[in-house]
Amino acid sequence: MGNEIVNLLSLFSPVTFLYLCMGTFLGIVVGALPGLTATMAVSILISLTYGLSAANAIVVLIAVYLGGIYGGSRSAILLNVPGTPSSAATAIDGFPLTLKGEGGRAGVVVTTFSALGGLFGLVILAVATPLIARFALKFGYWEYFWLAMMGVLISASITTGDAPNYKGIIAGFIGMLISCIGIDPIHGYPRMIFGYSQMMGGINLVPAMIGLFGMAEAFDAIKNPKSHEVMELKKKESLPAMIGASFKMLVKYPRAAIQAGLIGTFIGALPGVGPDIASWVAYGTAKRGSKHPEEYGKGSYEGIIASETANNAATSGVFIPLLTLGIPGCAVSAIILGGMQMHGFRPGPTFFFENPSFVYFIAGTLLLVNIVMWLQGVVLTSVIAKILKAPMGIIMPLVVVLCVVGSYTISLRKFDVVVMLIFGLFGMVMRKLKIPGAPMALGIILGSMADLSFRRGMIAGRFSIGSFFARPLSLVLIGILAFALLLPVVNKIRDRNRARNQNR
Amino acid sequence: MKKRVLLALIILACVTLGVFAQGAAEAKAFPVRPLVMIVPFNPGGATDLLARKAQPKMEEILGKPIAVQNMAGGATAIGNQYVMDQAHDGHTLLAQPTDITSIAIMGQSKLTSDDWAFLGIAAAVPSVFVVHPDSKIKTIQDLVAVMKTTKLTAAVAASGCAWTRAIGLFADQLKLTLPQFVPSGGGYTAAVSAMKKEVDFAACGFAEAIELIKGGELRALAYWGVEPVTLPNGTVVPTFGSVYPALKTFEPFGGWVGMAVPKGVPADVLAKLINAYDVAIHQPDFIEFCKQSSFMFMGKIGADADAFAKLSTSVNAYLMYDLGFTPTDPATLGIQRVK
């Protein structure tokens, strides 16, 4: 092993192509099922692919990863349950579209833009890889702290809808607090575990998220069965018509799509960040730049385009530092890196120049997977639309089963199932109080990044807080953050003044 | 209707037979069902890679599938506790890294190496000290000179981790100022921290930084292996012992990765598992993998590995206690000091 020649030609073998198709399909299914994430699927598969040839193994891992990130959008749109953390932003506008009877069309739109996002990222990967990888390394502890704060606060300020802004911020901060539970990685001191050894490892994101979104959704459906009644399709649209419509969106929202592609690729390229945040930042940016921000949260195509373009662009982005420096961009790519190493490929600074054929192979795989994903996604749309016709009395119990199974399989602990149930109840109460769940999920994802980056930055900066404000990149991030937070307030004041002037 | 009854009867018969067959098999031999291999770290690290590399051959020898499951958290305490809580029948294995020598003394777990029967210890991951290529510190002697007077910052994986101990031992033996440690979450991320100039230097596993060193992104000052290594560009990475002979006795120093089951697993089952691990890690492609990845193949098996783990626990626990990383006296945990 290791001496096996892997290059673009490997992709032309029918067996490899078959693996690619199967991997993509598997990824979509796993991604679409709430509780089963791309991370989990890839880490299980890594052992199973060990016996395959290097080319086939790597193709399967990449296909499942890309398919999984895309697949999450399906359940987000159709059930309001994001299948993977990275599609949480998609649910905000995707589900209202389903309620309006446009679920099928929305499905085709996200499929097209997921694939376009991936391809956009691939183009950037092809032309600017060394440049971006270098730039991403300029982000130190201090910038990571601001980036994490940005992620939480942006999602807080855009998900609250009509409710006051502070509710989202409350949810975000509760999430960050939850992320601090467990043995702290800096001093090894247990925090907020209240004597339960099970809590030492902290609250796992996946059970918390499936509780917050999946279980809470099921509770909602029990409480108010009418809330999930999908409106009859207004007009029956044929598949080619929907595909045509999805490409027309590209002409209609070019700015949102290109912005999301750029944001997604770059955030994907930042080591340790990945698609989850990319979709939020892109969604927030799109909303701010939109001509119709009032449509966001009520079924805006621009919104789902932004988040889905970005999270799949990020899947291409993570390969930038992976291939040039051997640094994984997110949890899944760390596993894929492990898979490459097991087959004797050791990406690193010299690898990129010494093995151009392997790099072409990865690029070719990304290209093919995105295309296959698009084809499969479009075909699946009609099938999934049929499933949706099943009564909620059947779908929701299935969601509950998946929630339980999904949270258990993460680490085979009953504790995680309990966590999931608690978060489910929590989610129900939050819905009642009109507190959005998404900032809380993002708080749990990014809380530890904020906490650890802050403390590492303090230690490395010799305990001076000044370094958080002194670095040029930090200042840029602070500027963006302040702008994002203050803009809604300024707008509100302006609107109020205007209303007052008109009354006079 | 009759057909349905018949079908039901057939299914019933099959199920009953199945149950009996299961019972009969249980009496026969280990393993009776698929095994689970718990990796107490995230996928992609040294522990994970070495476990997964051994798994296929072990599967073949034992004749049952082995599912690898990652269960990270609490510096391996979570995975350790999980495997300890399962039936002690040999069906749940734990990929056991060096951290078992430190989690008890760091208060993260009550378990020590005495609670485990090692199938073996496959490989060691010697520690390396790295700096950014632009750093004023060019050699290990430079580092010593600077550390005599200045408190530097040093990225490591976690509080009290193997790489922290490597710096601790170094500073202690050569009478240097301990640096300010910045736990980065992994050896790999520690290396990247040095690369981003977030810290003055970093300590990590040699294997974790080798590609970055070869690529000129990092400069290796010295490493805790036994023989100096010549890089493809001709630069030689010295061992600590080759520069400071006083440090020679500690080499190799760093982390190691083995495989263990809880004590109390029946002797015949343990023997089978040890044999499977023994064969698996002595496969030529396993040894080649270690070499390619800059892991130091150790190949310690069974009781040999137990003794090594015990020694390692004693050395590490007292080192950390003496350096003030922990207030817990190892003696209170039944760990004896080795001279």
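Quick caveat: nothing in here was measured; it's all calculated off a predicted structure.

**Q** Describe the overall build of chain B, naming the residues involved and giving the relevant values.
**A** For chain B, the count of helices and strands is 11 helices and 12 strands. Overall size of chain B, expressed as C-alpha extent along the three principal axes, is 90 × 45 × 35 Å. In chain B, buried positions account for 55% of the 339 residues. Pairs at least 24 residues apart make up 73% of the contacts formed inside chain B by residues separated by at least 6 positions. When the accessible surface of chain B is summed, it comes to about 13,800 Å², and 59% of that surface belongs to carbon and sulfur atoms. Side-chain charges in chain B split into 28 positive and 27 negative, and the spacing between the mean points of these groups amounts to 4 Å.

**Q** Explain the domain arrangement of chain B to me, using residue names and the numbers behind them.
**A** Residues and elements named next belong to chain B. Looking at the assigned domains, one finds that chain B contains domain 1 (34-124 + 254-333) and domain 2 (126-250). Distance from the C-alpha centre of domain 1 to the C-alpha centre of domain 2: 25 Å. Counting residues at the interface gives 16 residues for domain 1, matched by 17 residues for domain 2. For the domain 1 and domain 2 pair, buried surface summed over both sides reaches about 1,300 Å², with 72% attributable to carbon and sulfur atoms. Summed over the shared surface of domain 1 and domain 2, the number is zero salt bridges. Taken together, the connections running from domain 1 to domain 2 amount to one residue pair in polar contact (both at pLDDT 80 or more).

**Q** With reference to specific residues and values, describe the pattern of salt bridges.
**A** Residue and element names in this part refer to chain A. Throughout the structure, instances matching the rule amount to 19 salt bridges over all chains. Between Asp220 and Arg431 there is a salt bridge whose closest N-O contact spans 3.3 Å. On the criterion of sequence distance, the pair formed by Asp220 in helix H8 (residues 205-223) and Arg431 in helix H18 (residues 414-432) is long-range, its members being 211 residues apart. On the basis of relative accessibility, which here comes to 17%, the residue Asp220 falls in the buried class.

**Q** Before we move on, could you go through the side chain of Glu143 of chain A and cite the residues and values that matter?
**A** Residues and elements named next belong to chain A. The residue Glu143 is located in helix H6 (residues 141-159) in this model. Look at Glu143 and you get buried, because its relative accessible area is 1%. Within the local environment of Glu143, its side chain forms a polar contact with the backbone nitrogen of Gly140, the two atoms lying 2.7 Å apart. Among the polar contacts made by the side chain of Glu143, one reaches the side chain of Ser474 at a distance of 3.2 Å. If we skip the residues at most four places from it in the chain, Glu143 touches Lys138, Arg471, Leu473, Ser474 and Leu477.

**Q** Please provide a residue-by-residue account of the packing of aromatic side chains, values included.
**A** Within this structure, the stated rule accounts for 28 aromatic pairs over all chains. Their ring planes at 80° and their centres at 5.3 Å tell us that Phe351 of chain A and Phe358 of chain A sit as a pair that is edge-to-face. Ring plane angle 50° and centroid distance 6.3 Å describe the contact between Phe423 of chain A and Phe426 of chain A, whose orientation is recorded as tilted. Of this pair, Phe423 of chain A and Phe426 of chain A both sit in helix H18, three residues apart, which is roughly one turn of the helix. Looking at Phe423 of chain A, the relative accessible area reads 7%, which means it is buried. Ring-pair connections join several aromatic residues into one group, and the members of that group are Phe129, Phe170, Phe201, Trp224, Phe240 and Phe253 of chain B.

**Q** Tell me what's going on with helix H7 (residues 206-214) of chain B, and back it up with residues and numbers.
**A** Residues and elements named next belong to chain B. Across the nine residues of H7, seven count as buried, placing the element largely inside the fold. Where H7 is concerned, the buried positions are Phe206, Ala207, Ala209, Ile210, Glu211, Leu212 and Ile213. Where H7 terminates, the next one or two residues include Gly216, which has phi positive at roughly 80°.

**Q** Just give me the short version of the pairing of strand S6 (residues 180-183) of chain B, but keep the residues and values in it.
**A** Judged from the four bridges that link them, strand S5 (residues 153-156) of chain B and S6 of chain B form a sheet pairing that is parallel. Counted as the bridge partner of Val156 of chain B is Pro183 of chain B from S6 of chain B.

**Q** Lay out unusual backbone geometry in plain terms, naming residues and giving numbers.
**A** In this model, Glu251 of chain B is joined to Pro252 of chain B through a cis peptide bond whose omega is -5°. With respect to the element layout, Pro252 of chain B can be found in the loop between helix H8 (240-243) and strand S11 (254-262). In this model, Phe463 of chain A sits at a positive phi of 60°, which is unusual for a non-glycine residue. If you trace the backbone, Phe463 of chain A turns up in the loop between helix H19 (438-460) and helix H20 (467-470). Phi at Ser294 of chain B takes a positive value of approximately 60°, unusual for a residue other than glycine. Residue position: Ser294 of chain B is located in the loop between helix H10 (284-292) and strand S12 (296-301).

About the thresholds
- Residues numbered from 1 in each chain as written.
- Chains lettered and ligands numbered in written order.
- Predicted model: local features only at pLDDT ≥ 70, side-chain atom pairs only at ≥ 80, totals over all residues.
- Heavy atoms only, no water.
- Helix = DSSP H or I, 4+ residues; strand = E, 2+ residues; numbered from the N terminus.
- Buried < 20%, exposed > 50% of the residue type's maximum accessible area, 1.4 Å probe, protein only.
- Contact = heavy atoms within 4.5 Å.
- Areas by Shrake-Rupley, 256 points an atom, 1.4 Å probe, with all protein chains shown as cover.
- Lys, Arg positive; Asp, Glu negative; His and termini not counted.
- Charge placed at Lys NZ, Arg CZ, Asp CG, Glu CD.
- Domains from an automatic or database assignment.
- Buried area = accessible area lost by both parts, 1.4 Å probe.
- Salt bridge = Lys/Arg side-chain N within 4 Å of Asp/Glu carboxyl O.
- Polar contact = N/O pair within 3.5 Å; in protein donor to acceptor, adjacent residues only side chain to side chain.
- Phe/Tyr/Trp six-rings, centres within 6.5 Å; stacked < 30°, edge-to-face > 60°.
- Pairing = 2+ DSSP bridges.

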